[in-house]
Amino acid sequence: MNSSQLALLALVMGVVLGASITLLIIGAMRARARVEARNSTAVPEGVPDVLAAMDDSALVVDGSGTVRAASASAEAFGIHVDEVVPDERIRELARAVRSGGISTASLTLRRSSSPAEPRLVSARATTISPKLVLIVIRDITERERVEQMRRDFVANTSHELKTPVGAVSLLAEAIESAADDPAQVRIFAGRLSAEAQRLASLTSRVMNLSRLQSADELAEVGDVSVDSVVTAAIEAHALAAGSSGVTVVRGGTRGLYVRGDTQILTEALGNLVANAIAYSPSGSSVGIGVKQVHNSVEIAVTDRGIGISEADQQRVFERFFRSDQARSRRTGGTGLGLSIVKHAVQRHGGEVRVWSRVGRGSTFTIQLPIATPPDDLEASTPRGRRRPKKTKKTPAASTAAAPNPNGVTE
């Protein structure tokens, strides 16, 4: 083999060897890139821009449950970048799709912003890299609420309207047949007026309940004095209390505030007071107590009435439910009062609960997030004077004071 052939062979071998080394280097670099991609928690380019354009709450989490990117609307559920997802169910949903695929779940989440009411959401998780999971949270509360409203309205309202509408029709026929008897006409006309009033009350309650359920946010939110709400609710039902021979007794802590709508809260508490008066025997008392429990305000309305059985306690907040049908007819109850209370309190980020024993009475307690007193209240306090200290909790029913002519005791 001459020198030219040797040189050519050496050149070929050098090219082959160089190409092999280059391929090895490229392969190693690609393998390294794949390993880094599998272990990387960096959010892919463009994902933050996509999240920023989304209306739904969306977030990208890593294997430890830490949020690497999130849409602006996700903050409403307390989800923030570089923090661990606060809800364990969302973290579990992210872990369920680590091996690939898509996972969905329906959850109830509580918003961190006002009103902090529970929200029904549909969560959908999918992997975007070996270490990152994309979770989209869609709030379906309003959709489910509207659908539930439609079903309830058709099933319940139509049934409840049958009785007064049928009574009005029969009384109208009775008046026509007794046209020559003025005494009977007056009797039938009085009954007709009562049924018309009952129909108007039912319609008004249905409209109030629909308004509470259909509105996404409270229309007018401000600092609400609990003392003013209690006073307004008592005064609105003072005449009914006096007519029934029931004394309304007020006690507890003064000077507490909550955030919300004064009119809605007054109507809600007024419904509890009206029920307590209606179901209390003559000569008994209805107690309204207010106290602060940690970061909440509790308003309790206690009566010494007939009580509610344990089976009915689970249903008292349902629309049109009445534990005592006969008494509700006599008192003109529509079965919507407690349902309105429930939705009104939930709108304010609170809850309502009941304690009752048959023959001993009932206690309905509204719990709302406490708010700091408004600044102008502090500014109106003269210098050198301290605001009155909060009184200790006193049992509402045992607060002793002279009743006023309306049957209300302070």
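One structure accompanies this document, and this report is about it.

The rules behind these values
Residues numbered from 1 in each chain as written. Predicted model: local features only at pLDDT ≥ 70, side-chain atom pairs only at ≥ 80, totals over all residues. Heavy atoms only, no water. Helix = DSSP H or I, 4+ residues; strand = E, 2+ residues; numbered from the N terminus. Buried < 20%, exposed > 50% of the residue type's maximum accessible area, 1.4 Å probe, protein only. Contact = heavy atoms within 4.5 Å. Areas by Shrake-Rupley, 256 points an atom, 1.4 Å probe, with all protein chains shown as cover. 1 Å grid on protein atoms, 1.4 Å probe; cavity = no way out; pocket = protein on both sides within 12 Å on 5 of 7 lines; lining within 4 Å. Points joined across faces, edges and corners; volume = space filled by probe spheres on them. Nonpolar A, V, L, I, M, F, W, Y, C, P; charged D, E, K, R; others polar. Expected span 1.5 Å × (residues − 1). Polar contact = N/O pair within 3.5 Å; in protein donor to acceptor, adjacent residues only side chain to side chain. Phe/Tyr/Trp six-rings, centres within 6.5 Å; stacked < 30°, edge-to-face > 60°. Pairing = 2+ DSSP bridges. Core = buried A, V, L, I, M, F, W, Y, C linked by side-chain atoms within 4.5 Å. Salt bridge = Lys/Arg side-chain N within 4 Å of Asp/Glu carboxyl O.

In terms of helices and strands, the chain carries 12 helices and 13 strands. Taking all 410 residues of the chain together, the buried fraction comes to 37%. For the chain, long-range pairs separated by at least 24 residues make up 64% of all intrachain contacts whose partners lie at least 6 apart in sequence. Carbon and sulfur atoms make up 55% of the accessible area of the chain, which amounts to about 23,000 Å² in all.

We now examine empty space enclosed by the protein. Over the atoms a probe the size of a water molecule is rolled, and this reveals where empty space is left. Overall, the coordinates contain 2 cavities of 30 Å³ or more when judged by the stated rule. By volume, the largest cavity amounts to about 80 Å³. Lining the largest cavity, in full, are Val224, Ser225, Val226, Val229, Val258, Leu265, Ala268, Leu269, Ile299, Val345, Ile366 and Leu368. When residues of the lining of the largest cavity are assigned to their parent elements, the largest contribution, 3 residues, is made by helix H8 (residues 262–278). Of the residues belonging to the lining of the largest cavity, the class tally is 11 nonpolar, 1 polar and no charged.

Its 17 residues place the ends of H8 24 Å apart at the C-alpha level, agreeing with the 24 Å of an ideal helix rising 1.5 Å per residue. Of all the residues in H8, the buried ones are Ile264, Leu265, Thr266, Ala268, Leu269, Gly270, Asn271, Leu272, Val273, Ala276 and Ile277. Two or three places before Gln263, at the start of H8, stands the capping residue Asp261, its side-chain oxygen 3.0 Å from that residue's backbone nitrogen.

For the coordinates displayed, the defined rule picks out 1 aromatic pair. Taking the centre distance of 6.1 Å and the plane angle of 85° together, the rings of Phe317 and Phe364 count as edge-to-face. A residue pair is termed long-range when its members are at least 10 positions apart, and Phe317 in the loop between helix H9 (310–313) and helix H10 (325–331) and Phe364 in strand S12 (residues 361–371) qualify at 47 residues. In this structure, Phe317 and Phe364 share a single accessibility class: buried.

Here the focus is the pairing of strand S10 (residues 296–303). Looking along a regular strand, one sees the side chains alternate between the two faces of the sheet. Most of S10 sits out of view: 8 of its 8 residues are buried. The side-chain alternation of S10 yields two buried faces, one formed by Ser296, Glu298, Ala300 and Thr302 and the other by Val297, Ile299, Val301 and Asp303. Of the strand pairs in this sheet, strand S9 (residues 285–293) and S10 are connected by 7 bridges, and their pairing is antiparallel. Bridge pairing in S10 places Val293 opposite Ser296. Two successive antiparallel strands, S9 and S10, enclose a turn made up of 2 residues, where His294 displays a positive phi of approximately 55°.

One broad trend across soluble globular proteins is that nonpolar side chains are buried collectively. Judged by nonpolar contacts, the single largest core of 36 residues is most densely connected at Val226, Val230, Leu269, Ile288, Ile299 and Ile366. Among the elements of the structure, helix H6 (226–236), H8, S9, S10, helix H11 (337–347) and S12 are those that each provide at least two residues to this core. With 8 residues, the single largest contributor to this core is H8. If we skip the residues at most four places from it in the chain, Val226 touches Leu256, Tyr257, Val258, Val290, Val297 and Ile299. Among the nonpolar cores identified, the runner-up in size contains 19 residues, and Leu59, Val61, Val121 and Ile137 belong to it.

Let us now look at the pattern of salt bridges. The tally for this structure, following the rule as stated, stands at 12 salt bridges. Of the charged contacts, one joins Glu298 and Lys291 as a salt bridge, the two residues approaching to 4.0 Å between their closest N and O atoms. Judged by its relative accessible area of 9%, Glu298 falls in the buried class. Taking relative accessible area as the criterion, Lys291 reaches 25% and is therefore assigned partly exposed. Each of the salt bridges in this network shares a partner with another, and the network as a whole consists of Glu88, Arg91, Glu92 and Arg95.

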